[in-house]
Amino acid sequence: MEEKVHECIVIGSGPAGYTAAIYAARADMKPIVYEGLQPGGQLTITTDVENYPGYPDGIMGPEMMNQFKKQATRLGADVRFGMVTDVQFSRNGGTHSLTIDNKQIILAHTVIISTGASAKWLGLESETRLNGSGVSACAVCDGFFYKGQDVAIVGGGDTAAEEASYLAKICNKVYMLVRKGELRASKAMQHRVKALENVEILYHTQTDEILGDKVVTGVRTLNNQTQEKKELNVQGFFVAIGHKPNTDIFKKYLEMDEQGYLITKPDSTHTNVPGVFVSGDAQDKIYRQAVTAAGTGCMAALDAERYLASKSM
Ligand code: NDP
């Protein structure tokens, strides 16, 4: 065990985590950032980011996250490859202890949680069995494998619409399986996806089963109005039905809502444990944007700095 008690540890390396690290580094808190399972966070599996201010021509998600990392590192953040696998928070403002990769223990006065959220799955046995063999939750990562083929994507939100548009550029045909009679996606995304000739939107349509023994060969759909079942021949099956916050390891200590989003004290990033702060998608089920995540990362570092200052008075 490392005896040193660090001033600030940031868990997660998306826009929230790196912004927290940038502010904490400039405040001389010598932050350590643990990158987690998906270094760079969700933006590393997206393509063009057009809505982050400061990039008038847009920027690719992975490139943007490289720049966040570069900026944090240049200002003195210690970015480490590793996963926080457990936490022991002090409930009375003492030292917090984090377990890294199930072995190393590291201590800190303040912790900023920026662990984000992960893709949700339908929960079908065939989905688990064929995961990686035709089933994917990331069109941008895996769409390439279905070049010129037919695919299906589940979901009617902005993610599904964005991914369907992306797949339409690569694949022969894209079926969008939407359980309601309408899309939930923003009007702009709806116009974009509806204008694509090789995207067919199937409303009131659920997934009954993903077909295939070793690889995906099709999907059996169920119309939830007529109860009619149909088989579509597809080689790829994408799931884009939302996300779950990555907060399971904090359950013992932190207040969260029924979906697992961490609860903060009003107008702040304070959790119910002194010295533990949260930013980004781990606490935000409403906005979930890179720019809002970055904003709350900044808030968390400022809150942590003030907390440290009040302790040393
Ligand atoms: P959303 O929660 O917005 O949408 C999820 C979609 O999946 C809904 O259509 C929902 O259907 C459907 N769904 C959920 N569970 C199931 C299920 N078990 N079976 C079938 N369908 C299901 O998630 P998104 O990931 O699309 O978006 C999350 C947030 O991120 C949103 O705020 C969105 O606006 C934002 N976003 C913004 C982007 C941008 O600005 N460029 C890009 C991507 C996302 P139903 O409507 O029936 O509930």
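Residues numbered from 1 in each chain as written. Predicted model: local features only at pLDDT ≥ 70, side-chain atom pairs only at ≥ 80, totals over all residues. Heavy atoms only, no water.

Partitioning the protein into domains gives domain 1 (5-118 + 243-312) and domain 2 (121-239). Distance between the C-alpha centres of domain 1 and domain 2: 32 Å. (Domains from an automatic or database assignment.)

The next subject is the environment of Leu122. Within the secondary structure, Leu122 sits in the loop between strand 9 (117-119) and helix 3 (125-129). The exposure class assigned to Leu122 is partly exposed, which follows from its relative accessible area of 33%. Distance from Leu122 to Ala290, taken between C-alpha atoms, is 25 Å for residues 168 residues apart in sequence. Setting aside residues up to four positions removed in sequence, Leu122 forms contacts with Glu127, Val154, Thr207, Phe237, Val239 and Ile241. (Helix = DSSP H or I, 4+ residues; strand = E, 2+ residues; numbered from the N terminus. Buried < 20%, exposed > 50% of the residue type's maximum accessible area, 1.4 Å probe, protein only. Contact = heavy atoms within 4.5 Å.)

Looking now at the packing of aromatic side chains. Counting across every chain of the model gives 7 aromatic pairs. Pairing Phe89 with Phe250 gives two aromatic rings, centres 6.1 Å apart and planes at 5°, and the pair type is stacked. Of the two residues, Phe89 sits in the loop between strand 6 (84-88) and strand 7 (96-100) while Phe250 sits in the loop between strand 18 (243-245) and strand 19 (276-278), which places them 161 residues apart along the sequence. Look at Phe277 and Tyr307: their rings are 5.9 Å apart centre to centre, the planes differ by 75°, and that puts the pair in the edge-to-face class. A residue pair is termed long-range when its members are at least 10 positions apart, and Phe277 in strand 19 and Tyr307 in helix 7 (residues 290-311) qualify at 30 residues. A connected cluster of aromatic rings, assembled from ring pairs, spans Tyr52, Tyr55 and Phe68. (Phe/Tyr/Trp six-rings, centres within 6.5 Å; stacked < 30°, edge-to-face > 60°.)

Let's shift gears to the sheet that holds strand 17 (residues 236-239). Pairing within the open sheet is parallel, and its 5 strands lie in the order 10-17-11-12-13. Every other strand in the sheet has two partners, leaving strand 10 (135-136) and strand 13 (199-202) as the edge strands with one partner each. Note that strand 11 (residues 150-154) and strand 17 share 4 bridges and pair parallel. Bridging from a neighbouring strand, Ile153 pairs with Phe238 of strand 17. (Pairing = 2+ DSSP bridges.)

Examined against the element boundaries, Gln190 turns out to sit in helix 6 (residues 187-194). At 2.9 Å, the side chain of Gln190 and the backbone oxygen of Ala185 are in polar contact. Setting aside chain neighbours within four positions, we find Gln190 in contact with Leu183 and Ala185. (Polar contact = N/O pair within 3.5 Å; in protein donor to acceptor, adjacent residues only side chain to side chain.)

A surface patch of like charges, here negative, comprises Asp48, Glu50, Asp158 and Glu162. Position of Asp158 relative to the elements: it lies in helix 5 (residues 158-170). (Patch = residues over 30% accessible without salt bridge, like charges linked within 9 Å, V, L, I, M, F, W, Y side chains within 5 Å. Areas by Shrake-Rupley, 256 points an atom, 1.4 Å probe, with all protein chains shown as cover. Salt bridge = Lys/Arg side-chain N within 4 Å of Asp/Glu carboxyl O. Lys, Arg positive; Asp, Glu negative; His and termini not counted. Charge placed at Lys NZ, Arg CZ, Asp CG, Glu CD.)

The next thing to look at is the packing of helix 5 against helix 6. For any two helices packed against each other, the geometry comes down to the angle between their axes and how far apart the axes lie. Contact pair helix 5 / helix 6: the axes reach a minimum separation of 9 Å and the direction vectors enclose 30°. With respect to each other, helix 5 and helix 6 are oriented roughly parallel. As for how helix 5 packs across helix 6, the hand of that crossing is left-handed. Touching Asp158, Ala161, Glu162, Ala164 and Ser165 of helix 5 are Met189, Arg192 and Val193, all from helix 6. Considering only residue class, the contact of helix 5 with helix 6 consists of 4 nonpolar, 1 polar and 3 charged. (Axes fitted to C-alpha atoms, helices over the stretch in contact; angles between N-to-C directions. Parallel < 35°, antiparallel > 145°, perpendicular 65-115°, else oblique. Left-handed = near helix turned anticlockwise from the far one by under 90°. Nonpolar A, V, L, I, M, F, W, Y, C, P; charged D, E, K, R; others polar.)

This part takes up the pattern of salt bridges. Applying the stated criterion across every chain, the model contains 9 salt bridges. A salt bridge links Lys69 to Glu35; its shortest N-O distance comes to 3.1 Å. Linking Lys69 in helix 2 (residues 61-74) with Glu35 in the loop between strand 2 (32-34) and strand 3 (48-49), this pair joins segments that are 34 residues apart in sequence. A single salt-bridge network, built from bridges that share partners, covers Asp208, Arg220 and Lys229.

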